[in-house]
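Each chain, written out:
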Amino acid sequence: MYPHERSLVEKHSDQFVILGVNSDRSRDKLREAMKRENITWNSFYDGGGTGGPIATRWGVRGWPTIYLIDAEGVIRFKDVRGDSLDSALEQLLSEMGVEPTPPPRKTAL
Amino acid sequence: MTALILALFLQATPTTETTVLMALSPELSVRFYASVLDEVSELEELHDTEAKGANRREVARKFLPRFEEMATRLAGSEQGLGAELWILRNHWWKRAEGTMEQVAIAHATRLIQTYKDSPQLTRIAEYSYLYGREGIAPLLDLLIDASPHDRVDAAAIHAQASRLRRSKDKPQTDQARRLLEQLRDRYGDLAFRDTTYRAIATAMLSPHSPDALEVGKIAPEISGVDVTGSAVQLSDHRGKIVLLDFWGDW
C-alpha cells in the first residue's frame, strides 16, 4: 500500500498531500514505523494508542480509516484505496484543472 | 545505597515495597521503578518484536509460559504484577463469553486485592474492554475503592465512561457524560499516555457527529502535533487534496 501512496504523492506533489493520524503507542514507535515503512509524509501523533483525542473526535473505530478531502476542505470520499483511490484522486485533480496521467498502456507482446 | 534498597525490595511484600519507594525522593523512586521493571520490560519488548507482522495469537501463546514462570518466581513484587498484567492483556479474553470472561475478571480481582497500592493497576482499567461485559462495572468500582492513586482512579473512570457512552440506554449515556466531566474537571491535569485526561475527556464529550463527517461536508479542523512535537493543522494544507490516513497500531 505505501509504495503506491508514495508514488501518488510524488507524481502530484503540487496538488496532493497525505496527512497521517497515528495511533502507535509512543513517539519512538511512530518514528520507527515511519523509517521502516519509508513513510515520506507527516503524521499527527495522537497521544499514543487508539483512544487519542483526534481519533476519538472523528469517531474512528477501525484502522486504517481514510478520508479524501478536496482542495476546498470538503470531505469527498471515505475509505478509498488502490484502484478506487486512483479514480477518486483523478476526479479531484481534474476538478482542479490538472490533466490526469493516462494509465500505462498494456501492450500484447 | 542502591544495593541495600534492592535487597530490601527483593524481600519485601507489596506494602513494604511501596513504603520504601515513598521514602525515596520522587526522582529516585521514578528511576527505581524504571529499573525494577527491567526483566519484564525486556521480555515484553522481545514479544512485541516477534509479534510484528506475525500471527499475534501464536506468538502470545509461545511467550505465555515464560511470563507465567516470571509471575510465579516474582510473586508479590512489582515485576510479578507486571508479568501477570501481560498475561491478563494477552489472553484474548475479548470476544470470549461465559467462563473465560469470569476467569479474566477473577484474575483481575485477585491482582487488585494483592497489589492494591501499585500504580501499575491503571492497566487493569486499560485492559478492561477485553474482559467481556457483565463484571466490568463492579471490577472498576473495586479498583477505585482499593487504590490510593489518583491516576488509577482516573483510568478506571475513563474505562467506565468509554463503556457507558456506547450504550443505547439514556441513563447510561448520561452517566457517561457525568463521568467524563469529572475526568475533565477533577483529573484533567493527569497524564493520559502523551496527552492529558482533559484533552481526552473533552474529545469524548464533543465528538463530531456522524453527519459532520459525511461525504459532502466540510472537514472539521484538526490541531495537533507531529512526531517531533511541532504544531500541525489540517487547514495548513487548504488548497491541496488531502488524504487523511488514520493508521498505526491498534
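A brief look at the structure comes next. (Residues numbered from 1 in each chain as written. Chains lettered and ligands numbered in written order. Predicted model: local features only at pLDDT ≥ 70, side-chain atom pairs only at ≥ 80, totals over all residues. Heavy atoms only, no water.)

Some words on the overall build of chain A
Going by this rule: Strands are runs of DSSP state E lasting at least 2 residues, helices are runs of H or I lasting at least 4, and numbering of each runs from the N terminus. Three labels apply to residues, based on accessible area from a 1.4 Å probe with only protein chains included: buried if under 20% of the type maximum, exposed if over 50%, partly exposed otherwise in between. Every residue pair with non-hydrogen atoms within 4.5 Å of one another is taken to be in contact. Only the protein chains shown count as cover for residues, and all accessible areas are computed by the Shrake-Rupley method using a 1.4 Å probe.
A count of helical and extended segments in chain A gives 4 helices and 4 strands. Counting helices and strands in the order they occur from the N terminus, chain A gives α-β-α-β-α-β-β-α. Taking all 109 residues of chain A together, 50% fall into the buried category. Residue pairs at least 24 apart in sequence account for 37% of intrachain contacts in chain A once pairs closer than 6 positions are excluded. Summing over all exposed atoms, chain A offers an accessible surface of approximately 5,800 Å²; the carbon and sulfur share of this is 49%.

A look at the packing of helix 11 (residues 170-186) of chain B against helix 12 (residues 197-205) of chain B
All names here are of chain B. Cut-off, in case you're wondering: Lines fitted to C-alpha atoms define the axes here, with helix axes fitted over just the stretch in contact, and angles between the N-to-C directions of these axes take values from 0 to 180 degrees. Relative orientations are named as follows: roughly parallel for angles under 35 degrees, roughly antiparallel for angles over 145 degrees, roughly perpendicular for angles from 65 to 115 degrees, and oblique for any other angle. Handedness of a crossing follows from how the near helix is turned relative to the far one, being left-handed for an anticlockwise turn of less than a right angle and right-handed for a clockwise one. Residues are grouped as follows: nonpolar covers Ala, Val, Leu, Ile, Met, Phe, Trp, Tyr, Cys and Pro; charged covers Asp, Glu, Lys and Arg; every other residue, Gly included, is treated as polar.
Two numbers describe how helix 11 lies on helix 12: the axes approach to 8 Å, and their chain directions differ by 155°. Judged by the inter-axis angle, helix 11 sits roughly antiparallel to helix 12. Crossing of helix 11 against helix 12: the hand is left-handed. Contact with helix 11, carried on its side by Arg177, Leu180, Glu181, Leu183 and Arg184, involves Tyr197, Arg198, Ala201, Thr202, Met204 and Leu205 of helix 12 and no other residues of that element. Across the contact of helix 11 with helix 12, the residue classes tally to 6 nonpolar, 1 polar and 4 charged.

Some details on the interface of chain B and chain A
Put simply, the rule reads: What counts as buried area is the accessible surface, traced by a 1.4 Å probe, that two parts surrender upon association, with contributions from both included. In the sections that follow, a salt bridge refers to a side-chain nitrogen of Lys or Arg positioned within 4 Å of a carboxyl oxygen of Asp or Glu. Identification of polar contacts relies on pairs of N or O atoms within 3.5 Å, with a donor-acceptor requirement for protein atoms, meaning one able to donate a hydrogen and the other able to accept it, and with residues adjacent in sequence counted only if both atoms are side-chain atoms.
The interface is formed by 48 residues belonging to chain B together with 61 residues belonging to chain A. Across the chain B/chain A interface, buried area totals approximately 5,000 Å², and carbon plus sulfur atoms make up 61% of it. If you sort the residues of chain B by the area they bury against chain A, B:Ile241, B:Phe246 and B:Trp247 come out on top, with a joint share of 21%. For the interface between chain B and chain A, the tally reads 1 salt bridge. We note a salt bridge from A:Arg27 to B:Asp194, for which the minimum N-O separation is 4.0 Å. For the pair chain B and chain A, the number of links is 28 residue pairs in polar contact (both at pLDDT 80 or more). Contributions of two or more residues to the side of chain B that touches chain A are made by helix 4 (38-51), helix 12, strand 3 (223-225), strand 4 (231-233) and strand 5 (241-247) of chain B. Looking at the side of chain B that touches chain A, the element that brings in the most residues is strand 5 of chain B, giving 7 residues. Tallied by class, the residues present in the side of chain B that touches chain A amount to 24 nonpolar, 11 polar and 13 charged.

Quick notes on the packing of aromatic side chains
Inclusion rule: Note on aromatic pairs: the rings of Phe, Tyr and Trp (six-membered ring only in Trp) are paired at centre separations within 6.5 Å, and the planes decide the class, stacked below 30 degrees, edge-to-face beyond 60, tilted for the rest. Lysine NZ or arginine CZ positioned within 6 Å of the ring centre and within 35 degrees of the ring normal marks a charge as sitting over the ring.
What the rule picks out here adds up to 7 aromatic pairs over all chains. Seen in terms of ring centroids, A:Tyr2 and A:Trp41 are 6.0 Å apart; in terms of plane orientation they differ by 55°. Their pairing is tilted. You can see A:Tyr2 sitting in helix 1 (residues 2-11) and its partner A:Trp41 sitting in the loop between helix 2 (27-36) and strand 2 (43-45), a full 39 residues away along the chain. For the ring pair A:Trp58 and A:Tyr67, a centre distance of 5.1 Å and an interplane angle of 70° mean the geometry is edge-to-face. You can call A:Trp58 buried: its relative accessible area is 2%. One aromatic cluster is present, built from ring pairs that chain together A:Tyr2, A:Trp41 and B:Trp247. One cation-aromatic arrangement involves B:Arg89 over B:Tyr127; the distance from NZ or CZ to the ring centre is 5.8 Å.

Considerations on helix 5 (residues 56-73) of chain B
Structural remark: α-helix, 3.6 residues per turn; residues separated by three or four positions point the same way. Residues and elements named next belong to chain B. Stated precisely, the cut-off is as follows: To estimate how far a helix should extend, the number of its residues minus one is multiplied by 1.5 Å. Throughout, bend refers to the angle between the axes fitted to the seven residues that end at a position and the seven residues that start at it.
Compared with an ideal rise of 1.5 Å per residue, which puts 18 residues at 26 Å, helix 5 spans 25 Å between its outermost C-alpha atoms and is within 8% of the ideal. At Phe63, helix 5 is bent by approximately 35°, the largest bend along its length, and proline Pro65 sits one to four residues beyond. Val59, Ala60, Phe63, Leu64, Phe67, Met70 and Ala71 are the residues of helix 5 that are buried. Its buried side turned inward, helix 5 meets helix 4 and helix 6 (78-90).

A few points about the pattern of salt bridges
Applying the stated criterion to the full structure yields 15 salt bridges over all chains. Here A:Asp70 ties to A:Arg76 by a salt bridge, and the two come within 3.0 Å at their closest N and O atoms. Judged by relative accessible area, which is 8%, A:Asp70 ranks as buried. Among the ionic pairs, B:Glu44 bridges to B:Arg123, the shortest N-O distance being 3.4 Å. Of this pair, B:Glu44 sits in helix 4 while B:Arg123 sits in helix 8 (residues 122-126), and the two are 79 residues apart along the sequence. The exposure class assigned to B:Glu44 is buried, which follows from its relative accessible area of 19%.

Things to note about the sheet that holds strand 3 (residues 65-69) of chain A
Selection rule: Pairing between strands is defined by DSSP: at least two bridges between them are needed.
The mixed open sheet is built from 5 strands, whose spatial order is 2(A)-1(A)-5(B)-3(A)-4(A). Of all strands in the sheet, those with a lone pairing partner are strand 2 and strand 4 (75-78) of chain A, marking the two edges. With strand direction ignored, the average angle separating the axes of adjacent strands in the sheet is 20°. Sheet topology note: the strand 3 of chain A/strand 4 of chain A ladder contains 3 bridges and is antiparallel. Following the sheet pairing, A:Ile69 is matched in strand 4 of chain A by A:Ile75. Relative to the sheet, helix 4 (residues 82-95) of chain A contacts strand 1 (16-22), strand 3 and strand 4 of chain A together with strand 5 of chain B, its axis offset from that of strand 4 of chain A by approximately 165°.

Here's the deal with the packing of helix 10 (residues 150-164) of chain B against helix 12 of chain B
Two quantities define a packed helix pair, namely the angle between the axes and the distance from one axis to the other. All names here are of chain B. Look at helix 10 against helix 12: their axes get within 12 Å of each other, and the N-to-C directions meet at 15°. When the axes of helix 10 and helix 12 are compared, the pair comes out roughly parallel. For helix 10 against helix 12, the interelement crossing comes out left-handed. Of the residues in helix 12, those touching helix 10 at Arg151, Ala154, Ala155, His158 and Ser162 are Tyr197, Ile200 and Met204. Tallied by class, the residues present in the contact of helix 10 with helix 12 amount to 5 nonpolar, 2 polar and 1 charged.

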